[in-house]
Amino acid sequence: MEFFCENPAAGHADDRIWKGYVKQLRRHGDTVEADISGKGSAMHVIIGRYEYGRYLCIPDCGVGSTLAALDDCFWNREQLERQMGRTDAITLAEALKAISKELEDMV
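For the structure given in this document, a descriptive report is provided here. (Residues numbered from 1 in each chain as written. Predicted model: local features only at pLDDT ≥ 70, side-chain atom pairs only at ≥ 80, totals over all residues. Heavy atoms only, no water.)

**Comments concerning the pattern of salt bridges**
Pairing between side chains of opposite charge can happen when their charged atoms approach one another.
Step number 1: Across all of its chains, the model carries five salt bridges by this definition.
Step number 2: Of the charged contacts in the structure, one is a salt bridge between Arg86 and Glu81, with a shortest N-O distance of 3.3 Å.
Step number 3: Glu81 gets classed as partly exposed once you look at its relative accessible area, which sits at 23%.
Step number 4: Taken together, the shared-partner salt bridges in this structure form one network comprising Arg77, Glu78, Glu81 and Arg86. (Salt bridge = Lys/Arg side-chain N within 4 Å of Asp/Glu carboxyl O. Buried < 20%, exposed > 50% of the residue type's maximum accessible area, 1.4 Å probe, protein only.)

**A look at the environment of His44**
Step number 1: You can see His44 is positioned in strand β4 (residues 41-50).
Step number 2: With residues near it in sequence (within four places) discarded, His44 still touches Arg26, Glu33, Ala34, Asp35, Cys57, Ile58, Pro59 and Asp60.
Step number 3: Within polar-contact distance, the side chain of His44 engages the side chain of Asp35 at 2.7 Å. (Helix = DSSP H or I, 4+ residues; strand = E, 2+ residues; numbered from the N terminus. Contact = heavy atoms within 4.5 Å. Polar contact = N/O pair within 3.5 Å; in protein donor to acceptor, adjacent residues only side chain to side chain.)

**Comments concerning the side chain of Asn76**
Step number 1: One can find Asn76 in helix α1 (residues 73-81).
Step number 2: Given the relative accessible area of 0%, Asn76 is considered buried.
Step number 3: Excluding residues within four positions of it along the chain, Asn76 makes contact with Leu67, Ala68, Ala69, Leu70, Ala93 and Leu96.

**Quick word on the sheet that holds strand β5 (residues 53-58)**
Step number 1: Read across the open sheet, the six strands follow the order β1-β2-β3-β4-β5-β6; overall the sheet is antiparallel. Taken across any chain shown, the strands that pair with only one partner, and hence form the sheet edges, are β1 (2-6) and β6 (63-67). Pairwise comparison of adjacent strand axes, ignoring direction, gives a mean angle of 30° for this sheet.
Step number 2: Docked against the sheet, helix α2 (residues 86-103) engages β1, β2 (17-28), β3 (31-38), β4, β5 and β6, running at close to 50° with respect to β2. (Pairing = 2+ DSSP bridges. Axes fitted to C-alpha atoms, helices over the stretch in contact; angles between N-to-C directions.)

Below, the structure is given as structure tokens:
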């Protein structure tokens, strides 16, 4: 699945819009695993639900965060930016939005 990411605050025009990709979307009970890539980064993510909401974990990067609704790019990006760079946080937030319809019955 292909999606687009945007960072209007980027200084260089080439850094403002880029393509992202979701590959290998796999469901395991209440969790989903996906390979997400964009702008030179590739991440294996785990998305799930717990008593107080949703979470995202990227074990290879040591990143874990609560999530709002999967299509809430602003809140999810803000949370992820606390632990990783802006470009990767935007890519992840847009990927979550891109897969939100497919996963709304699950996570």
